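Notes for the structure review
Next come the chains, spelled out residue by residue.
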Amino acid sequence: MLTPKAQMRKARRASKSIVGGDALLEFLQREDVLELLKEGIVEEVPPVSKISDLLMEELGEEVDLKALPVRQYIGYVVKAVLADDGYRVMETGVRIEGDQIFRSGSTYEAVEHETSDGDLLTRFIATLDRDELERARELVEEALGD
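This section reports on the structure supplied with the text. It should be emphasised that the depicted structure is a prediction, and the values quoted were computed from it without experimental measurement.

Overview of the overall build of the protein chain
When you go through the protein chain residue by residue, the secondary structure sums to seven helices and two strands. Mapped from its N terminus to its C terminus, the protein chain presents α and β elements in the order α-α-α-α-α-β-β-α-α. Taking the principal axes of its C-alpha atoms as reference, the protein chain extends roughly 55 × 30 × 25 Å. Buried residues in the protein chain amount to 33% of all 146 residues. A separation threshold of at least 6 residues defines the contact pool for the protein chain, and within that pool the share at least 24 residues apart is 58%. Looking at the protein chain as shown, the accessible area adds up to about 9,700 Å², and 50% of this sits on carbon and sulfur atoms. The distance from the centre of the 19 positive side-chain charges to the centre of the 32 negative ones in the protein chain is 4 Å.

Laid out in structure tokens, this is it:
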């Protein structure tokens with residue numbers, strides 16, 4: 001699992017491979033958009049459903065918002081933005097009725113914050129890349145005798 005900062009770096013890199021990606025990234029990081037996303041969290045609906053109208057209004061002519069890669073990119077950036085603001089995915093694949101862009105989305109919940117930066121092991125694990133995590137898993141399984 002990537003840290004919130006790593007998710008945002010990945011979102012920035014991915015914006016280059018999506019038509020209109022830079023405009024989408026800029027849009028999804030705006031404060032007014034974050035407030036709409038948070039409304040979705042409070043209402044326990046996928047936050048993307050709260051921004052569809054605004055997306056169509058502001059970017060609908062320059063970006064094909066109904067294209068699958070674009071919708072997936074929007075979902076990824078929303079996840080990164082919300083993770084950076086202290087939220088995590090609660091449920092995926094939640095159906096959205098009558099939305100002009102999205103058919104499904106994820107719901108989110110606030111992450112329980114610890115009083116410190118977490119324990120050393122948690123901070124260490126967060127710095128590992130995928131290969132290192134796989135190796136750590138092997139070492140843990142070996143140590144546990146699984």
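Thoughts on the side chain of Asp-99
Here Asp-99 lies in the loop between strand S1 (87-95) and strand S2 (104-110). There is a polar contact of 2.8 Å between the side chain of Asp-99 and the backbone nitrogen of Ile-101. Here the side chain of Asp-99 touches Phe-102 through a polar contact of 2.8 Å, landing on its backbone nitrogen. Every residue in contact with Asp-99, bar those within four places of it in the chain, is listed here: Ser-49 and Ser-52.

Topic: the pattern of salt bridges
If you walk through the whole model with that rule in mind, you get nine salt bridges. When the shortest N-O distance is used, the salt bridge between Lys-16 and Asp-22 registers 3.1 Å. With relative accessibility at 63%, the residue Lys-16 sits in the exposed group. Given the relative accessible area of 44%, Asp-22 is considered partly exposed.

Observations concerning the packing of helix H2 (residues 21-28) against helix H5 (residues 68-84)
Packed helix pairs are characterised by how far apart their axes lie and by the angle those axes make with each other. Two numbers describe how H2 lies on H5: the axes approach to 10 Å, and their chain directions differ by 35°. The two elements H2 and H5 meet at a crossing, and its hand is right-handed. Each of Gly-21, Leu-24, Leu-25 and Leu-28 in H2 lies in contact with H5, whose residues at this interface are Val-70, Tyr-73, Ile-74, Val-77, Val-78 and Val-81. Among the residues making up the contact of H2 with H5, the classes are represented as nine nonpolar, one polar and no charged.

As for a positive patch on the surface
Together, Lys-5, Arg-9, Lys-10, Arg-12, Arg-13 and Lys-79 line one region of the surface with positive charge. Per element, the largest residue contribution to the positive patch is five residues, and it comes from helix H1 (residues 4-14). Its place among the elements puts Lys-10 in helix H1.

Description of H2
Burial in H2 covers these residues: Gly-21, Leu-24, Leu-25, Phe-27 and Leu-28. Projected down its long axis, H2 carries its buried residues within an arc of 165°, all on one side. Packed against the buried residues of H2 are H1, helix H3 (31-42), helix H4 (52-59) and H5.

Criteria and cut-off values
Residues numbered from 1 in each chain as written. Predicted model: local features only at pLDDT ≥ 70, side-chain atom pairs only at ≥ 80, totals over all residues. Heavy atoms only, no water. Helix = DSSP H or I, 4+ residues; strand = E, 2+ residues; numbered from the N terminus. Buried < 20%, exposed > 50% of the residue type's maximum accessible area, 1.4 Å probe, protein only. Contact = heavy atoms within 4.5 Å. Areas by Shrake-Rupley, 256 points an atom, 1.4 Å probe, with all protein chains shown as cover. Lys, Arg positive; Asp, Glu negative; His and termini not counted. Charge placed at Lys NZ, Arg CZ, Asp CG, Glu CD. Polar contact = N/O pair within 3.5 Å; in protein donor to acceptor, adjacent residues only side chain to side chain. Salt bridge = Lys/Arg side-chain N within 4 Å of Asp/Glu carboxyl O. Axes fitted to C-alpha atoms, helices over the stretch in contact; angles between N-to-C directions. Left-handed = near helix turned anticlockwise from the far one by under 90°. Nonpolar A, V, L, I, M, F, W, Y, C, P; charged D, E, K, R; others polar. Patch = residues over 30% accessible without salt bridge, like charges linked within 9 Å, V, L, I, M, F, W, Y side chains within 5 Å. Arc of directions from axis to C-beta.

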